[in-house]
Amino acid sequence: MKKTLIAATLLSLFSSQYATASDDTTELRQIIEQQQKVLKDLEKRLEQTEKRVETTADVVESTASSKSATTIGGYGELHYNNITDNKTGKDKKEFDFHRFVLFVGHEFNSTTRFFSELEVEHSLAGEGKKGEVELEQAYIEHDFNEMLTGKAGLFLMPVGIINETHEPDTFYGVERNPVEKDIIPATWWEGGLTLNVKAAPGLAFDTAVTSGLYLDQSSGYKIRNGRQKVSEAKGEDLAYTGRVKYTAVPGLELAATVQYQSDLTQGEAAVDTASATLLTAHAIYSIEDFTVKALYAQWDIDGKEAEALGRDKQNGFYIEPSYRINEQFGVFARYNEWDNNDGDNAETKKKQTNLGVNYWLHENVVFKADFERITGAADSDGFNLGVGYQF
């Protein structure tokens, strides 16, 4: 009887434990099934999210690609000049929106691109107006490899400091310096072919075969008057240009350009031909916030008409120290000396001194003010104010 009671008790306990275990197993299975269902839902949502992300990335990439393929930009500058001619007593008080320029560029692929620049000078253009509409650049650029890049079309000549980089926020002074304006003569562009060779880090060479200047007795053999601006330009005689630029030392830029044209008259001179050679060299050195620029340029013209006019030698130089006080303010001084009439005649030389300040409202927006004094063959003084931008 006692054994039977013990057996019954053990059987009852075992049954109870089995029932409890069975209930726990059922509950555990239900939990696992719920978790599996949750995991499947999460996997489905994750797949949907990944698809959305891929679609968004494709759209962003496509949009970015289309935006980066074609780009626009531009620059402009408004000037106020208040200058007195001390020889005649006449005052020049004048507002002039000197330049309004639009850039359009397009990248065909990683090695081939197009660049153009359309400019309106002095606000109004047309018959009887003082301004002009000019195509200043329009060329195809192609990278043959890491060392060689070529251009074909209408482009700025590789000469001087400001000819290729002349946006108003990149230089001091309201007006561009007279040496590069009247001797080089910036802004100067031609049509043709050019090749840039990156020979070594910090050492580059440029060569160009282009349309040339056109000068004769009627234009006075003044270099700036010879720019044809690739407008049905006479092409009897081409120009050949070479430049070397050295930038391997941080803060230092050294460059020199030589150009030769065998006949400035493009074969139309009644008396003789006029071969011409341009030599120019410049140096830029920056140490912390202090920068000094120096440039020399000269033309030698071999022709009887040019010699008779006293224009067979034309040269000039300038030196410009500047100091960037902070991100917004910078001050400068510039001394210019140049002569388009006779490079060796002290009586015809002009000497110009400028002192001024630049205030950058933004890194690409600048306000300028400078004092100007001209002596030598001319005698004037006054001040200039300006505002410029690029984007």
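Because the structure is predicted, anything quoted here is derived from the model rather than measured.

A. Spotlight on the side chain of Gln261. Within the secondary structure, Gln261 sits in strand β9 (residues 252–261). When its relative accessible area of 1% is taken as the criterion, Gln261 is described as buried. Of the polar contacts made by the side chain of Gln261, one reaches the backbone oxygen of Leu213; its length is 2.9 Å. Polar contacts involving the side chain of Gln261 include one to the main-chain carbonyl oxygen of Asp263, which spans 3.2 Å. If near-sequence neighbours (up to four positions away) are discounted, Gln261 is found in contact with Gly212, Leu213, Asp237, Leu238, Ala239, Gln266, Ala274, Ser275 and Ala276.

B. Inspection of the pairing of strand β15 (residues 365–376) at higher detail. Alignment of strand β14 (residues 350–362) against β15, held across 12 bridges, turns out to be antiparallel. Within β15, the residue paired with Lys350 across the bridge is Gly376. The antiparallel hairpin formed by β14 and β15 contains 2 residues in its connecting segment. Alignment of β15 against strand β16 (residues 380–390), held across 10 bridges, turns out to be antiparallel. Bridge assignment links Arg373 to a residue of β16, and that residue is Asp381.

What counts and how
Residues numbered from 1 in each chain as written. Predicted model: local features only at pLDDT ≥ 70, side-chain atom pairs only at ≥ 80, totals over all residues. Heavy atoms only, no water. Helix = DSSP H or I, 4+ residues; strand = E, 2+ residues; numbered from the N terminus. Buried < 20%, exposed > 50% of the residue type's maximum accessible area, 1.4 Å probe, protein only. Polar contact = N/O pair within 3.5 Å; in protein donor to acceptor, adjacent residues only side chain to side chain. Contact = heavy atoms within 4.5 Å. Pairing = 2+ DSSP bridges.

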